[in-house]
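Here is what each chain is made of, one letter per residue.
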Amino acid sequence: PFTVTSEGVQDWNYFFAYDLKNEEWIKVPLNRDELLLNILPETIFYPEETIDLGGGDCEDLTILYVSACIYSGYDAEVYVVDIVSEKPMISHTIAVVDNTLVDITMKQFITGDNLFERYGKAIKAKKIILKEVYDNKKIESKNMVIYST
C-alpha cells in the first residue's frame, strides 16, 4: 500500500508498535499478506481501511465493492454464505448487484436467472447456505439453503 504524505507518495514498508515489556517503540517490517492473514485474520475493515491497506480478504473486498456500488446508485447487497463442497465447509462473502452475483475473490460474475444455482455449479459446491444479508439499511440473519445438488 501507499500513503500520500507531504513529501509525496511513500511505500509502506514498516509500521511502529509499542513494546509494553520493554516500554519502547519498535519498528516492525510490514508484510501486508502476513498482517492480514495471520495478525488480523477475522478483522473486517471499513472500505477506506481496505484501500489504505491495499487489500483484504473476501469480506473486506466485497464490502468495498458494494459500498462503491451503493454510492453510485446501484441496488447492492453483501451475502455471507457457507459453502459446502468436497473440502470442509468454508464461510465466504459475495455480492449481488442489480441481479448480478459478484464473487470478487473467485472472479465470478453471474447474471440472469437462478444466480445461486449457477454460482453453486460454477464453484462445484454441494450446498450453499445463506447466513446473513447486508444492504445499506439493514442486516438480516438467515440460516437457509439457497443451493443444493
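Residues numbered from 1 in each chain as written. Predicted model: local features only at pLDDT ≥ 70, side-chain atom pairs only at ≥ 80, totals over all residues. Heavy atoms only, no water.

Chemist: Got a sec to walk through the overall build of the protein chain? Specific residues and values, please.
Modeler: Across its full length, the protein chain holds four helices and 10 strands. Put simply, the protein chain runs from its N terminus to its C terminus through helices and strands in the order β-β-β-β-α-α-α-β-β-β-β-α-β-β. For the protein chain, the share of sequence-separated contacts (at least 6 apart) that also reach a separation of at least 24 residues comes to 31%. (Helix = DSSP H or I, 4+ residues; strand = E, 2+ residues; numbered from the N terminus. Contact = heavy atoms within 4.5 Å.)

Chemist: Outline a nonpolar patch on the surface, listing residues and values.
Modeler: On the surface, a nonpolar cluster with roughly 410 Å² of combined accessible area is contributed by Tyr 18, Leu 20 and Trp 25. Mapped onto the fold, Tyr 18 is located in strand β3 (residues 14-19). Look at Tyr 18 and you get partly exposed, because its relative accessible area is 40%. (Patch = residues over 30% accessible without salt bridge, like charges linked within 9 Å, V, L, I, M, F, W, Y side chains within 5 Å. Areas by Shrake-Rupley, 256 points an atom, 1.4 Å probe, with all protein chains shown as cover. Salt bridge = Lys/Arg side-chain N within 4 Å of Asp/Glu carboxyl O. Buried < 20%, exposed > 50% of the residue type's maximum accessible area, 1.4 Å probe, protein only.)

Chemist: An account of the nonpolar core is needed here, citing residue identities and associated values.
Modeler: In this structure, Tyr 79, Val 81, Ile 94, Leu 101, Tyr 119 and Ile 128 are the most contacted members of the largest nonpolar core, which totals 16 residues. Listed by contribution, the elements that provide at least two residues to this core are β5 (76-84), β6 (90-97), α4 (115-122) and β9 (127-134). Excluding residues that lie within four positions of it along the chain, Tyr 119 makes contacts with Ile 83, His 92, Ile 94, Leu 101, Asp 103, Met 106, Gln 108, Ile 110 and Ile 128. Among the nonpolar cores identified, the runner-up in size contains seven residues, and Val 66, Ala 76, Ala 95 and Val 102 belong to it. (Core = buried A, V, L, I, M, F, W, Y, C linked by side-chain atoms within 4.5 Å.)

Chemist: A description of the pairing of strand β10 (residues 139-148) should follow, citing residues and the corresponding values.
Modeler: In this sheet, β10 lies alongside β9 in antiparallel orientation, the contact comprising seven bridges. Bridge assignment links Glu 132 to a residue of β10, and that residue is Ser 141. Counting the residues between successive antiparallel strands, the hairpin from β9 to β10 contains four residues. (Pairing = 2+ DSSP bridges.)

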